[in-house]
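# Fold and geometry: a report
Chain by chain, the residues run as shown.
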Amino acid sequence: MRALAAVIAVALAAAACARPERPPHAELAAATPPPGARKMRLTYPTGPTGAWSLPLVRGRVNGEEVWMLVDTGANYHVVAGWLVKKAGLKTRSVGAAGTDHAGRAIQTYRVDNARIDAEGWGPVAHGSVLGTDVPSVFERARIGVFLSPGQLAGDGDGIVVDLLHDEVREERFADAARALAKTGVDLAGDSARVCEDHAGSMTGRSYVVPARIEGQAVRLLLDTGAPRSDLSSASAAGRALLPHAEPGGDEIYTASGRVPVHTLVAADVAVGKVRARLDVDVFQGKPDTVCPRDGALGLDVLRRCAMALSKRKAVVRCLP
């Protein structure tokens, strides 16, 4: 068993500038919507530099008001260490280390008495979740929880992360896939791979799709927690493309701290029927044995997409 913590990759500029206002307690829905009617409204705080912002929802953890990052790159729901301390939550060891976005080991622990509620959704998790310490930039932004759509998908028949309409909703997977077929172009077809990880009684889940960066075949994690797409230097494609990348790009934050990057400027990125010229970050990383991949597909692509996710499948459609 390996407890894998959230895949947190936040660009330095975006994290520093995007400091949302305190979530208003009075606006949080007190009642739990009936099954099939649950829906979270996403908001995207934007800094003065115009840097990519992140999809956040309002919520509470044991009465503490926080922002929650909807992070498809996270296997599990994870509570930030600063919030664990502030809310006085009880923790215990899980007996294994997790890894962050760069593949570096981080210490995770089990939080046994967490009550996580999201506005418009109601209870997300009541009981055991994972926790890990994160850089102080998350506390300054009051981001206290990393919500895993993959874990939400395991609680029911399907979840839709609709970044075109700024919402996350509960919906039968077959119905959602049929409806999304009328939108845009296909990102993954039948080639999306579901990665499962097990931490005791909890099952974590994330999604990987095939792509090409500058003609190099890669496997990219669907990652709404990453403002920009990236590539690990530990991958074959990363090693081949690193000599063509420019040094001195923005650092990214992971759960273990800052990671320097090089940047492939205006790289040709092709994913399914989506093709774009993007600045792709190349970072020093280590292979992930739980969910093998070469990098992540971030909001620079996914902001124009909607995803239907289930325990076994993923359908992603994007505006061309």
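A brief structural summary. In this text, all values refer to a predicted model and were calculated from it rather than measured experimentally.

A few words on the overall build of the protein. Each helix and strand counted, the protein has seven helices and 23 strands in total. A total of 320 residues make up the protein; the buried ones form 58% of that total. In the protein, 69% of the contacts between residues at least 6 apart in sequence involve partners at least 24 apart.

Along the chain, D294 turns up in the loop between β20 (274–283) and β21 (295–297). Overall, D294 belongs to the buried group, its relative accessible area being 10%. A distance of 2.7 Å separates a polar atom in the side chain of D294 from the backbone nitrogen of R219.

Moving on, we get to the nonpolar core. Soluble globular proteins: nonpolar side chains tend toward being buried together. Core analysis: the largest hydrophobic core is formed by 79 residues, its most contacted members being M40, M68, I116, L187, I213 and L222. Every residue in contact with L222, bar those within four places of it in the chain, is listed here: T72, G73, L187, Y207, V209, L297, L302, M307 and V316. V160, F173, A176 and L180 belong to the second-largest nonpolar core, a separate cluster that totals seven residues.

Per the stated rule, a full pass over the model turns up two disulfides. Two residues, C195 and C291, share a disulfide whose sulfurs are 2.1 Å apart. Taking the sign of the S-S torsion, about 70° here, the bridge from C195 to C291 comes out right-handed. Here C291 lies in the loop between β20 and β21 and C195 lies in strand β13 (residues 193–199), a separation of 96 residues in the sequence. What makes C195 buried here is its relative accessible area of 4%.

Cut-offs applied
Residues numbered from 1 in each chain as written. Predicted model: local features only at pLDDT ≥ 70, side-chain atom pairs only at ≥ 80, totals over all residues. Heavy atoms only, no water. Helix = DSSP H or I, 4+ residues; strand = E, 2+ residues; numbered from the N terminus. Buried < 20%, exposed > 50% of the residue type's maximum accessible area, 1.4 Å probe, protein only. Contact = heavy atoms within 4.5 Å. Polar contact = N/O pair within 3.5 Å; in protein donor to acceptor, adjacent residues only side chain to side chain. Core = buried A, V, L, I, M, F, W, Y, C linked by side-chain atoms within 4.5 Å. Disulfide = S-S within 2.5 Å.

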